[in-house]
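Each chain, letter by letter, is given below.
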Amino acid sequence: MNDLNPAGWRPAMGVVGADEAPATFTGNRALQLEEPLLFEIGELGRCGVDFDGEASAPMPELGAFLRAAPVDLPGLSEPEAVRHYTRLSRQNYAIDLGLFPLGSCTMKHNPRLDEKVARMPGFADIHPLQPVQTVQGALKVINELAHWLITLTGMHGVAMTPKAGAHGELCGLLCIRAALEARGDARQVVLVPESAHGTNPATAAFAGYRVETIPATPAGRVDRAALEARLGVGGPEHSDVAAVMITNPNTCGLFESELKAIADAVHAVGAFVYCDGANFNAIVGRVRPGDLGVDAMHINLHKTFSTPHGGGGPGSGPVVLSEALCPFGPLPFSELHADGHLTLVEEETAGERHPQAFGRMSAFHGQMGMFTRALAYILSHGADGLLQVSGDAVLNANYILRSLDDVLDAPFGAAGPCMHEALFSDAGFAEGFSTLDLAKGLIDEGFHPMTVYFPLVVHGAMLIEPTETESKAALDQFIGAMRSLAERGKAGDPALKSAPHFAPRRRLDETLAARKPKLTWAKG
Ligand SMILES: *Cc1c(COP(=O)(O)O)cnc(C)c1O
């Protein structure tokens with residue numbers, strides 16, 4: 001028993017038992033069940049359905065297309081199929097199973113109220129091609145969510161259709177390009193700080209820009225002097241910089257406190273500020289990016305405003321826009337009329353009313369299920385609740401930072417509090433031991449590992465985002481596990497080097513898996 005471990009949970013310094021246990025007949029280890037592929041357990045002739053009578057004769061009009069050999073699909077009874085997927089699901093880690101410390105991903109509890117609202121048939125069972133007058137409620141949800149996103153960010157408008165964070169980045173850059181082209185200015189360069197999320201440079205390159213990197217300061221923030229020096233090249237009249245993409249709070253878990261001054265410098269040379277707003281949950285209700293001079297910012301509804309993600313459900317990345325960029329936002333969007341009814345402004349009606357729209361991000365209006373969840377989240381939390389969301393997210397991360405910084409190196413720990421995520425490194429581990437070993441050890445402790453080796457500015461980075469939905473008891477258990485693993489890493493415990501010991505699979509050759517993935521199954 002100690003302060004961090006009130007439940008009396010015992011850290012294991014050596015791993016005993018897992019490797020010495022006798023082999024079982026089935027290959028199962030108690031409730032850890034070995035599960036072959038469906039193709040390996042299925043057989044022709046087994047079937048989950050009784051057909052009524054004989055199958056009808058093949059259609060002669062198929063001619064040469066008629067299949068000569070069996071399809072070779074696995075035949076399974078209904079319980080076999082159900083068990084297969086249930087067994088596989090039990091080998092997976094989930095937010096409903098435990099704390100999910102993945103930094104930069106905001107793996108928080110998904111309020112069941114939001115799920116209930118998203119499943120209401122009036123929202124869940126409608127079709128995007130239904131006549132607009134039959135989906136007025138859904139359009140009202142989109143419109144009202146748009147209103148609250150604009151209010152919370154202090155921006156001028158919002159494009160609701162992008163379907164994830166990175167998709168939103170592309171939308172923002174296409175707006176910027178359309179705005180520059182409208183004034184006959186074909187700038188080629190997008191500046192991205194070293195500490196940016198990897199999607200930022202990828203998006204800029206995808207949108208056809210040349211990416212130049214701006215270094216970070218020793219305090220983990222954008223080097224403003226270096227940025228301003230680059231902006232000054234060619235003079236304000238002839239700058240080749242289209243935009244600067246800044247993540248705030250950034251991927252070191254730090255607030256870019258000079259963003260306003262940076263935005264002024266960017267605007268002075270006629271360029272635009274793109275803000276990666278995926279970490280909005282750290283500042284929601286406290287900071288309005290519009291007040292900091294941001295021109296475009298995506299919001300990951302699936303991080304800040306609930307919705308399942310992380311190998312789970314789809315995402316949604318609406319992009320809030322400044323007044324300068326609004327005319328270039330994509331179609332379609334909903335429009336509220338004086339009598340209260342809503343219409344969708346589509347390409348064909350754009351003609352005079354939205355002539356500068358750069359095009360479309362998706363076929364229809366965006367992720368309806370994410371919109372209902374996000375609006376339910378915002379309205380059920382209210383202004384005070386959202387303020388508490390960002391407050392608790394930051395408090396929890398700082399609790400982890402200060403509970404571990406005596407056993408783990410915290411590269412920016414001396415610079416003061418962090419925002420919503422705490423950053424550590426493996427500096428001080430025994431020779432041959434690294435972040436990867438600690439991450440594998442966390443699997444044995446029953447946790448999903450934290451984000452590792454990201455951000456790239458820190459060697460052996462461990463990025464931990466507890467989110468606002470974890471209790472102090474849950475954080476204490478995680479901290480206890482981390483302290484134990486950090487000490488084993490520093491002591492060079494050989495059992496840590498071969499972790500995980502208790503997982504369905506041991507340490508895999510991840511390089512081989514990535515380089516030579518086996519994506520098909522051939523009959524043996
Ligand atoms: C998650 C994240 C993204 C990308 O969002 P997706 O929805 O996964 O495309 C971009 N930037 C940051 C900082 C993120 O955390």
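Up top is the structure.
Below, the structure is looked at part by part. (Residues numbered from 1 in each chain as written. Predicted model: local features only at pLDDT ≥ 70, side-chain atom pairs only at ≥ 80, totals over all residues. Heavy atoms only, no water.)

## Re the environment of Phe-429
Inspection of the secondary structure puts Phe-429 in the loop between β10 (422-424) and α13 (435-444). Residues Phe-429 and Gly-492, spaced 63 residues apart in sequence, show a C-alpha to C-alpha distance of 7.4 Å. Other than its neighbours up to four places away in sequence, Phe-429 contacts Leu-408, Ser-434, Thr-435, Leu-438, Met-462, Ala-486, Gly-489 and Lys-490. (Helix = DSSP H or I, 4+ residues; strand = E, 2+ residues; numbered from the N terminus. Contact = heavy atoms within 4.5 Å.)

## Some words on the pairing of strand β3 (residues 210-214)
Of the strand pairs in this sheet, strand β2 (residues 189-193) and β3 are connected by 5 bridges, and their pairing is parallel. Considered in β3, the bridge of Pro-193 is made with Ile-214. With helix α7 (residues 199-206) bridging β2 and its parallel neighbour β3, the resulting β-α-β unit is right-handed. (Pairing = 2+ DSSP bridges. Right-handed = clockwise from strand over helix to strand, strands pointing away.)

## Focus on the site of the ligand
Looking at the ligand, there are 14 residues lining it, with Ser-104, Gly-165, Asp-276, His-302 and Lys-303 nearest. One of the backbone nitrogen or oxygen atoms of Ala-166 is found 2.8 Å away from an oxygen atom of the ligand. Take His-197: an N or O atom from its side chain is 3.4 Å from a nitrogen atom of the ligand. Those elements giving two or more residues to the shell around the ligand turn out to be α6 (165-182) and α10 (301-304). It is α6 that provides the largest number of residues to the shell around the ligand, a total of 3 residues. In terms of residue class, the shell around the ligand is made up of 3 nonpolar, 8 polar and 3 charged. (Near = heavy atom within 4 Å. Polar contact = N/O pair within 3.5 Å; in protein donor to acceptor, adjacent residues only side chain to side chain. Nonpolar A, V, L, I, M, F, W, Y, C, P; charged D, E, K, R; others polar.)

## As for the packing of helix α5 (residues 136-153) against helix α12 (residues 368-404)
At a minimum axis separation of 9 Å, α5 and α12 run at an interaxial angle of 45 degrees. As far as their axial angle goes, α12 and α5 are oblique. For the element pair α5 and α12, the recorded crossing hand is left-handed. Here Ala-138, Val-141, Ile-142, Glu-144, Leu-145, Trp-148, Leu-149 and Leu-152 of α5 come into contact with α12, specifically with Met-368, Phe-371, Thr-372, Ala-374, Leu-375, Ile-378, Leu-379 and Leu-386. (Axes fitted to C-alpha atoms, helices over the stretch in contact; angles between N-to-C directions. Parallel < 35°, antiparallel > 145°, perpendicular 65-115°, else oblique. Left-handed = near helix turned anticlockwise from the far one by under 90°.)

## A few points about the layout of surface pockets
Of the voids in this model, the largest pocket is the one considered here, and its volume is about 920 Å³. Gln-91, Asn-92, Ile-443, Ala-503 and Pro-504 are, among the 29 residues lining the largest pocket, the residues nearest its centre. Counting only elements with at least two residues in the lining of the largest pocket, the list comes to α2 (78-89) and α13. The element that contributes the greatest number of residues to the lining of the largest pocket is α13, accounting for 3 residues. Its residues placed into classes, the lining of the largest pocket shows 14 nonpolar, 5 polar and 10 charged. In this structure, the second largest pocket spans a volume of roughly 480 Å³. In terms of lining residues, the second largest pocket is bounded by 23 residues, among which Gly-157, Val-158, Ala-159, Phe-333 and Ser-334 are the most central. Going through the elements one at a time, α5, β1 (157-159) and β8 (333-336) are the ones with two or more residues in the lining of the second largest pocket. The element best represented in the lining of the second largest pocket is α5, accounting for 6 residues. By residue class, the composition of the lining of the second largest pocket is 12 nonpolar, 10 polar and 1 charged. (1 Å grid on protein atoms, 1.4 Å probe; cavity = no way out; pocket = protein on both sides within 12 Å on 5 of 7 lines; lining within 4 Å. Points joined across faces, edges and corners; volume = space filled by probe spheres on them.)

## Details of the sheet that holds β10
Reading across from one edge, β10-β12-β11 is the order of the 3 strands in this open sheet, with antiparallel pairing throughout. If you trace the sheet from one side to the other, it starts and ends with β10 and β11 (451-452), each paired once. Judged from the 2 bridges that link them, β11 and strand β12 (residues 462-464) form a sheet pairing that is antiparallel. Pairing of Thr-451 across the sheet is with Leu-463, part of β12. With respect to the sheet, α12 is in contact with β10 and β12, its orientation differing from that of β10 by roughly 30 degrees.

## A word on the packing of α6 against α7
Where α6 contacts α7, the two axes come as close as 9 Å, and the packing angle between them is 45 degrees. In terms of orientation, α6 lies oblique with respect to α7. Handedness of the α6/α7 crossing: right-handed. Of α7, the residues touching α6 (which contributes Ala-166, Glu-169, Leu-170 and Leu-173) are Thr-199, Asn-200, Thr-203, Ala-204 and Phe-206. The residue inventory of the contact of α6 with α7, partitioned by class, reads 5 nonpolar, 3 polar and 1 charged.

## So, the environment of Ile-299
With respect to the helices, strands and loops of the structure, Ile-299 is situated in the loop between β6 (296-298) and α10. Considering only alpha carbons, one finds Ile-299 and Phe-39, 260 residues apart in sequence, at a separation of 41 Å. Residues within four places of Ile-299 in sequence aside, it is in contact with Leu-149, Thr-153, Gly-277, Phe-280, Phe-305, Ser-316, Gly-317, Pro-318 and Val-320.

## Points about the packing of aromatic side chains
Centre distance and the angle of the planes are the two values used to describe a pair of aromatic rings. If you walk through the whole model with that rule in mind, you get 4 aromatic pairs. Ring plane angle 65 degrees and centroid distance 6.1 Å describe the contact between Phe-305 and Tyr-377, whose orientation is recorded as edge-to-face. Placement of Phe-305 in the loop between α10 and β7 (319-321) and of Tyr-377 in helix α12 is noted, with a sequence separation of 72 residues between them. Residue class for Phe-305 comes out buried when judged on its relative accessible area of 0%. (Phe/Tyr/Trp six-rings, centres within 6.5 Å; stacked < 30°, edge-to-face > 60°. Buried < 20%, exposed > 50% of the residue type's maximum accessible area, 1.4 Å probe, protein only.)

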